[in-house]
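Next come the chains, spelled out residue by residue.
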Amino acid sequence: MGTDPAGHGAPREDGGTGTLDTWTRWPSREALSSERVTRPRRLLSWLVRAVFISLLLWSTLFRGGVPGWGIALGLVAIVVCGASLVVFFRATLEQRLWLSLGSIVVVLAVGSAAHATGFDLPATVLWCAAAIMSMERLPLGAAVITAGTALGSFALVNEDPWPTTAAVTAGLALAGYVLRLDAEARGNAQQLLAQERAARAAEAESAALAERGRIAREIHDVLAHSLSAQLVHLEAARLLIEGDGDRQQILGRVVAARSMASEGLAETRQALSALRGEMTPVEDFLRELVVSDGASVAVAGERRALTAEASQAVRRVAQEALTNVRKHARGAKVTVLLEYGEGEVTLDVRDSGGSSGELAASGAGYGLLGMRERAELLGGSLEAGPEQEGFAVRLKVPG
């Protein structure tokens, strides 16, 4: 297969990029661009260009025996070369092969014309510069052909001994290839930096979404049951008032709603403390939680500090399970077991069964679903279902 329009290698069906791609692939745009180039490197680049232009101007203007029209023609040639090099740099950045080759051929042609008219130094400078820039910025196949033409022209007219000429020619080709490797390494570093920044941004966004989900679950777990129970009592109080019901019954409903509002506020404070990392030990929390239900709490295994997520999961599942007992098994005997195992913690809440209370219809019915989702997000599991007597909820989470 060939390359894509941007010049990057398209993978073959066998999973490789192929030898052909090595010769036709452009250096990356990051390698060809001057953006994010360090200040010392940029200064060095401008210094080399200044020396290059100075040599051309000096050899053209201060050479003796050249008529005025020859100097003017030389200046025109310098301007043409400068414009061609600007086009070459832009065309290679846009990875336009034919325009790049055309502009560098103009430079080679001007060098040949300069040599033919006796301007050997400008011709040498133009040929060597064209060879180095071709090796640095063109696809390797085109670069070898262009640099070979430029350095071959230099070698043919050079009057030094052939070992010296061969060494200089090889050195120039190697210098161009080293610049190419350096540019590609810089481009790869920029690509990796961009990928790392994108990964960090995605990670931050994912963490923000996860935190929003966690807060949403906390709000549901803390407020949903409290508010739904308050609504039941307040609705019952409204019906009693409209039906001229007993004052004590109305007062009882209002007091019950107030009590549940107080409990909801306390749970909200606990949730805020948990979100800040200020949590009481799980064992103490469970004992405080079951005081009003007369349930028993047992702890097995070697106690240890749990992660915030695991601790919150245990607390919320315990609250949900006891709320369901109040709704659906009023008067049942409840046992709570917290067991520390190897690499995990297990919470087991069981009741002996009982009659449904007046709060059985409250809530949206998402309690068990929310508990299971919380457990699975932590890599754990939750099992809930009827037993021979009563109902059982069993949570396992890493911790």
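Now for a description of the structure that goes with this document. Numbering of residues begins from 1 in every chain and follows the order in which that chain's sequence is written. pLDDT decides what is reported in this predicted model: residues at 70 or higher carry local features, side-chain atom pairs at 80 or more are listed and counted, and totals for whole chains, interfaces and linings draw on all residues regardless. Hydrogens and water are ignored here; the side-chain numbers use all heavy atoms of the structure.

Some details on the overall build of the protein
Phase 1: The numbering of helices and of strands both runs from the N terminus, where a helix is a DSSP run of H or I of at least 4 residues and a strand a run of E of at least 2. Counting its regular elements, the protein contains twelve helices and five strands.
Phase 2: Partly exposed describes any residue whose relative accessible area lies between the buried limit of under 20% and the exposed limit of over 50%, with all areas from a 1.4 Å probe on protein chains only and scaled to the type maximum. Taken across its 399 residues, the protein has 34% of its residues classed as buried.
Phase 3: The contact criterion used is simple: two residues touch if any of their non-hydrogen atoms lie within 4.5 Å. Restricting the contact set of the protein to residue pairs at least 6 apart, pairs at least 24 apart contribute 67%.
Phase 4: Surface accessibility of the protein: about 22700 Å² in total, with carbon and sulfur atoms responsible for 61%. All accessible areas in this document rest on Shrake-Rupley with a 1.4 Å probe, and a residue is counted as covered only by the protein chains that are shown.

Details of a nonpolar patch on the surface
Phase 1: A cluster of nonpolar side chains, L73, V76, V80 and V106, forms an exposed patch at the surface whose accessible area comes to about 310 Å².
Phase 2: Examining the composition of the nonpolar patch, we find that three residues originate from one element, helix α4 (residues 68-93), more than from any other.
Phase 3: By the secondary structure assignment, V80 is in helix α4.
Phase 4: In this structure V80 comes out as partly exposed when scored by relative accessible area, which is 35%. Surface patches are defined over residues having more than 30% relative accessible area and no salt bridge, joining like charges when they lie within 9 Å and nonpolar side chains (Val, Leu, Ile, Met, Phe, Trp, Tyr) when within 5 Å. By convention in these notes, a salt bridge is any Lys or Arg side-chain nitrogen within 4 Å of a carboxyl oxygen on Asp or Glu.

A closer look at the side chain of T346
Phase 1: As for its position among the elements, T346 is in strand β3 (residues 344-351).
Phase 2: For T346, a relative accessible area of 6% translates into the label buried.
Phase 3: In contact with T346, other than residues within four places in its own chain, are L337, L338, E339, R394, L395 and K396.

Points about the pattern of salt bridges
Phase 1: Scanning the entire structure with this criterion turns up eleven salt bridges.
Phase 2: Across the pair E196 and R200 runs a salt bridge, and its minimum N-O distance is 2.6 Å. Note that E196 and R200 are positioned in helix α8 (residues 162-242) at a spacing of four residues, about one turn of the helix.
Phase 3: Measuring nitrogen to oxygen at the nearest pair gives 3.5 Å for the salt bridge that ties R350 to E387. A residue pair is termed long-range when its members are at least 10 positions apart, and R350 in strand β3 and E387 in the loop between β4 (381-386) and β5 (391-398) qualify at 37 residues.
Phase 4: Judged by relative accessible area, which is 43%, E387 ranks as partly exposed.
Phase 5: The structure contains a network of salt bridges with shared partners spanning D348, R350, E387 and R394.

A short note on the sheet that holds β4
Phase 1: Any two strands with at least two DSSP-identified bridges between them are counted as paired. The five strands lie next to each other as β1-β2-β3-β5-β4, forming an open sheet whose pairing is mixed. In this open sheet, the two edge strands, each paired with only one partner strand, are β1 (296-300) and β4. Each strand axis lies, on average, 10° off the axis of its neighbour in the sheet, ignoring direction.
Phase 2: Pairing analysis gives seven bridges linking strand β2 (residues 334-340) to β3, with the strands arranged antiparallel. A fitted line through C-alpha atoms represents every axis, and for helices the fit uses only the stretch in contact; the resulting angles, taken between N-to-C directions, go from 0 to 180 degrees.

Focus: the packing of aromatic side chains
Phase 1: Aromatic contacts are taken between Phe, Tyr and Trp rings whose centres are within 6.5 Å, Trp giving its six-membered ring; a plane angle under 30 degrees counts as stacked, one over 60 as edge-to-face, and the others as tilted. Under the counting rule described, the total for this entry stands at one aromatic pair.
Phase 2: Their ring planes at 80° and their centres at 6.0 Å tell us that F88 and F89 sit as a pair that is edge-to-face.
Phase 3: On the basis of relative accessibility, which here comes to 0%, the residue F88 falls in the buried class.
Phase 4: A relative accessible area of 26% places F89 in the partly exposed class.
Phase 5: Should the NZ of a Lys or the CZ of an Arg lie within 6 Å of a ring centre and within 35 degrees of the ring normal, that charge is described as sitting over the ring. It is R315 that lies over the ring of F285; its NZ or CZ is 5.1 Å from the centre.

What about the packing of helix α6 (residues 120-137) against helix α7 (residues 140-157)?
Phase 1: Where α6 meets α7, the axes come as close as 8 Å, and the angle between the chain directions of the two elements is 160°. Viewed along their axes, α6 and α7 adopt a mutual orientation that is roughly antiparallel. As α6 packs across α7, the resulting crossing turns out to be left-handed. Counted together, T124, W127, C128, A131, S134 and M135 of α6 and L140, A143, V144, T146, A147, A150, L151, S153, F154 and V157 of α7 form the full contact between these two elements.
Phase 2: Residue classes follow a fixed rule: Ala, Val, Leu, Ile, Met, Phe, Trp, Tyr, Cys and Pro count as nonpolar, while Asp, Glu, Lys and Arg count as charged, and any other residue, Gly among them, counts as polar. Across the contact of α6 with α7, the residue classes break down as twelve nonpolar, four polar and no charged. Orientation is classified from the angle alone, with under 35 degrees giving roughly parallel, over 145 giving roughly antiparallel, 65 to 115 giving roughly perpendicular, and any other angle giving oblique. Crossing handedness follows the turn of the near helix against the far one: under a right angle anticlockwise gives a left-handed crossing, and clockwise gives a right-handed one.

A look at the pairing of β3
Phase 1: Judged by how many residues are buried, β3 sits mostly within the fold: six of eight residues are covered.
Phase 2: Between β2 and β3, which pair antiparallel one after the other, the connecting turn spans three residues, and G343 there sits at a positive phi close to 80°.
Phase 3: Bridge count between β3 and β5: seven bridges; the pairing is antiparallel. Its bridge partner being in β5, E344 is matched across the sheet by P398.

Things to note about the side chain of T146
Phase 1: By the secondary structure assignment, T146 is in helix α7.
Phase 2: Aside from chain neighbours lying at most four places away, what touches T146 is L101, I104, L108, S134 and L138.

Re helix α10 (residues 282-289)
Phase 1: Restricting attention to buried positions, one finds in α10 the residues V282, E283, F285, L286 and L289. Buried residues of α10, viewed axially, fall in a sector of 160°; they line one side. The arc under discussion is defined with respect to the helix axis, by the directions toward the C-beta atoms.

Let's talk about helix α11 (residues 308-328)
Phase 1: Given a rise of 1.5 Å per residue, 21 residues ought to cover 30 Å, and the 30 Å separating the end C-alpha atoms of α11 matches this to within 8%.
Phase 2: Here α11 lies mainly inside the structure; 17 of its 21 residues are buried.
Phase 3: Polar contacts, as used here, are pairs of N or O atoms within 3.5 Å; protein pairs need one atom able to donate a hydrogen and one able to accept it. Residues neighboring in sequence count only if both atoms are side-chain atoms. If you check the start of α11, you find a side-chain oxygen 3.2 Å away from the backbone N of A310, and it comes from T307. What a helix should span is 1.5 Å times the count of its residues minus one.

Concerning unusual backbone geometry
Phase 1: Positive phi is not limited to glycine here, since Q95 has a value of about 60°.
Phase 2: With respect to the secondary-structure elements, Q95 resides in the loop between α4 and α5 (97-116).
Phase 3: Note on Q95: relative accessible area 8%, which makes it buried.
Phase 4: Despite not being glycine, D244 has its phi angle at roughly 55°, a positive value.
Phase 5: Following the sequence through the fold, D244 ends up in the loop between α8 and α9 (247-275).
Phase 6: We classify D244 as exposed; its relative accessible area is 71%.

These figures capture arrangement, not role.
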